Amino acid sequence: MMTMPRTVEEILAHADELAARFEEHGPRPENELDVDAITALRAAARQQYTRLVA
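We now turn to the structure provided with this report. All residue numbers refer to positions counted from 1 along the written sequence of the respective chain. Totals for whole chains, interfaces and linings use all residues, but because this is a predicted model, local features are given only for residues with pLDDT of at least 70 and pairs of side-chain atoms are given and counted only at 80 or more. To obtain the side-chain values, all non-hydrogen atoms of the structure were included, while hydrogens and water were left out.

A word on the overall build of the chain
Phase 1 of the analysis: Helices and strands together make up the secondary structure of the chain, namely two helices and zero strands.
Phase 2 of the analysis: Three exposure classes are used, based on accessible area relative to the maximum for each residue type with a 1.4 Å probe and protein chains only: buried under 20%, partly exposed in between, and exposed over 50%. Counting the 54 residues in the chain, one finds 0% classified as buried.
Phase 3 of the analysis: Shrake-Rupley sampling with a 1.4 Å probe provides the accessible areas, and residues are treated as covered by the protein chains on show and by no other component. Counting only carbon and sulfur atoms, one obtains 60% of the accessible surface of the chain, whose full area is about 5,600 Å².
Phase 4 of the analysis: When charges are tallied, Lys and Arg are placed among the positive residues and Asp and Glu among the negative ones, while His and the ends of the chain are skipped. We put the charge of a Lys on NZ, of an Arg on CZ, of an Asp on CG and of a Glu on CD. The centroid of the 6 positive side-chain charges in the chain is displaced by 14 Å from the centroid of its 10 negative side-chain charges. Strands are runs of DSSP state E lasting at least 2 residues, helices are runs of H or I lasting at least 4, and numbering of each runs from the N terminus.

Written out as structure tokens, the structure reads:
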């Protein structure tokens, strides 16, 4: 569990740590999504929403 930084110095150090993690992050195959599945899910959600508000 992360604790919240308390001083300006701690906040800046935490920001630097997060920036480094962001810059070092790279895509991984297990994080990729199936475009066809996401498109179908979006269409189904839009269709359901349209039925509810009509």
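We are not done yet, so read on.
Considerations on the pattern of salt bridges
Phase 1 of the analysis: Whenever a carboxyl oxygen of Asp or Glu lies within 4 Å of a side-chain nitrogen of Lys or Arg, that contact is scored as a salt bridge. Within this structure, the stated rule accounts for one salt bridge.
Phase 2 of the analysis: The residue R28 makes a salt bridge to E30 at a minimum N-O spacing of 3.6 Å.

Describing a nonpolar patch on the surface
Phase 1 of the analysis: To count toward a patch, a residue needs a relative accessible area over 30% and no salt bridge; like charges are then connected within 9 Å, while nonpolar side chains (Val, Leu, Ile, Met, Phe, Trp, Tyr) are connected within 5 Å. Taken together, the side chains of L33, I38 and L41 make up a nonpolar region of the molecular surface, amounting to roughly 320 Å² of accessible area.
Phase 2 of the analysis: Assignment of secondary structure puts L41 in helix 2 (residues 35-53).
Phase 3 of the analysis: In this structure L41 comes out as exposed when scored by relative accessible area, which is 56%.

A closer look at the environment of A37
Phase 1 of the analysis: With respect to the helices and strands, A37 occurs in helix 2.
Phase 2 of the analysis: Taking the C-alpha atoms as reference points, A37 and A20, 17 residues apart in sequence, are found 32 Å from one another.

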